[in-house]
Amino acid sequence: MCLPELYRNNTKKGSKRLPVIAALVMLILSGADAQNFIVKNYTTRDGLPHNNIRSLALDSTGFLWIATWDGLSRFDGYEFRNYYHRVNDSLSLPFFSIHNLEVDAENNLWILTDHRQLVRYNRFSDNFSTIHSIDGIATTQIANFFADDKGVFWIINKSEIFR
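Residues numbered from 1 in each chain as written. Predicted model: local features only at pLDDT ≥ 70, side-chain atom pairs only at ≥ 80, totals over all residues. Heavy atoms only, no water.

**Q** Quick one: what's the story with the side chain of serine 97, residue by residue and with numbers?
**A** Among the secondary structure elements, serine 97 is positioned in the loop between strand 4 (80–83) and strand 5 (98–103). A polar contact is formed between the side chain of serine 97 and the side chain of arginine 54, at a distance of 2.7 Å. Aside from chain neighbours lying at most four places away, what touches serine 97 is Arg54, Thr68, Trp69, Thr113 and Asp114. (Helix = DSSP H or I, 4+ residues; strand = E, 2+ residues; numbered from the N terminus. Polar contact = N/O pair within 3.5 Å; in protein donor to acceptor, adjacent residues only side chain to side chain. Contact = heavy atoms within 4.5 Å.)

**Q** Please provide a residue-by-residue account of the pattern of salt bridges, values included.
**A** A full pass over the atoms with the stated rule returns five salt bridges. Of the charged contacts, one joins aspartate 89 and arginine 86 as a salt bridge, the two residues approaching to 2.9 Å between their closest N and O atoms. Accessibility expressed as a relative area gives 28% for aspartate 89, which makes it partly exposed. Residue classification places arginine 86 among the partly exposed positions, given a relative accessible area of 47%. (Salt bridge = Lys/Arg side-chain N within 4 Å of Asp/Glu carboxyl O. Buried < 20%, exposed > 50% of the residue type's maximum accessible area, 1.4 Å probe, protein only.)

What follows is the structure, encoded as structure tokens:
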């Protein structure tokens with residue numbers, strides 16, 4: 001007896017077992033190729049500088065960069081390396097709160113602070129440079145930035161968009 005006949009026969013008898021059985025079979029079969037994911041929450045107890053996460057960026061070397069309200073963090077999958085604003089240190093972050101992060105095609109990490117300062121991470125010296133102009137265009141009052149799917153870095157300020 002096929003399923004439609006069984007259903008017709010059971011519905012004539014007033015049975016409602018088949019829809020329940022069919023739903024269970026579909027549920028079991030739909031889970032046959034499902035993937036299991038492990039979810040881990042990280043907080044300041046695990047090493048983050050702050051629990052308020054503002055932006056994320058993944059670079060080509062595999063580091064996850066995490067912008068927070070109180071600094072920047074680099075996560076290698078095991079531990080956090082944190083970077084903070086240090087008064088009178090021009091090679092640290094120029095402001096404590098990070099608004100946005102992007103990685104460009106050359107694997108440069110770009111940072112936008114809440115004070116709208118454009119900053120580039122210097123990977124080899126493990127410090128930061130505040131960028132005041134690009135190709136003669138002042139970077140003051142940047143609204144935001146992004147890297148497109150080709151890695152081209154775009155900057156948006158009050159009156160123009162440039163790359």
